[in-house]
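# Structural description and commentary
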Amino acid sequence: MSYTRNADNLPKAKDVVALCKSHNVRRIRLHDPRHDVLQALKNTGIKVILGVGNDDIMRLATDARFAGTWVRRNVLWFTPYINFRCIAVGDENILANTALNQYVLPAMIGLN
C-alpha cells in the first residue's frame, strides 16, 4: 500500500494504520518521513519503505551533516520498532523534475 499525505481532511495516522492492520496489509510505502505516521507504525509488524521527499534530495546529496541528521531522526530512532525494507529517494514525479535528477544517485549513495 502507498500512503501519501497530500490531501485535506485526512484521517489520523493511527486510524489509517489500524485500518491497514484490519485488512492484513503487511507492507506500506511512505512518501516522506511523517513522524505521526512512523509513531503509528511502531510495533505493528508492517514493513515500511520510507520515502525521501523531493524537497530533501538535494541537501541529502550535498550536505553530509544534513544526511546524517535525516537518517538519525527518521530511521534510527524508529529502527527498534519498525522494520524498514529500504529508503526510496524521490517520488514518482522525480523524472519530470530535471533540476533534481542529478542529485538522486548521490543522495542514494550518501545515505551509506
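Note: the structure precedes this text.
Calculation rules
Residues numbered from 1 in each chain as written. Predicted model: local features only at pLDDT ≥ 70, side-chain atom pairs only at ≥ 80, totals over all residues. Heavy atoms only, no water. Helix = DSSP H or I, 4+ residues; strand = E, 2+ residues; numbered from the N terminus. Buried < 20%, exposed > 50% of the residue type's maximum accessible area, 1.4 Å probe, protein only. Axes fitted to C-alpha atoms, helices over the stretch in contact; angles between N-to-C directions. Parallel < 35°, antiparallel > 145°, perpendicular 65-115°, else oblique. Left-handed = near helix turned anticlockwise from the far one by under 90°. Contact = heavy atoms within 4.5 Å. Nonpolar A, V, L, I, M, F, W, Y, C, P; charged D, E, K, R; others polar. Salt bridge = Lys/Arg side-chain N within 4 Å of Asp/Glu carboxyl O.

## Side note on unusual backbone geometry
Phi is positive for Asn24, which is not a glycine, with a value near 60 degrees. On the secondary structure map, Asn24 appears in the loop between helix 1 (13-22) and strand 2 (27-30). Taking the relative accessible area as the measure of exposure, Asn24 reaches 55% and is therefore exposed. The phi torsion at Asn43 lies on the positive side, around 60 degrees, for a residue other than glycine. Note that Asn43 resides in the loop between helix 2 (35-41) and strand 3 (47-52). Asn43 gets classed as exposed once you look at its relative accessible area, which sits at 60%.

## Section: the packing of helix 3 (residues 54-62) against helix 4 (residues 64-76)
In contact at an axis separation of 6 Å, helix 3 and helix 4 are set at 120 degrees when each is read in the N-to-C sense. The pairing of helix 3 with helix 4 is recorded here as oblique in orientation. Remark: the crossing between helix 3 and helix 4 carries left-handed chirality. Contacts between helix 3 and helix 4 involve Asp56, Arg59, Leu60 and Thr62 on the former and, on the latter, Ala64, Phe66, Ala67 and Trp70. Tallied by class, the residues present in the contact of helix 3 with helix 4 amount to 5 nonpolar, 1 polar and 2 charged.

## Some remarks on the pattern of salt bridges
Pairing between side chains becomes possible if they bear opposite charge and their charged atoms approach one another. If you walk through the whole model with that rule in mind, you get 2 salt bridges. The closest approach of N and O atoms between Asp36 and Arg34, which form a salt bridge, is 3.7 Å. Residue class for Asp36 comes out partly exposed when judged on its relative accessible area of 33%. Where Asp63 meets Arg59, a salt bridge forms, and the shortest distance between an N and an O atom there is 3.7 Å. A relative accessible area of 27% places Asp63 in the partly exposed class.

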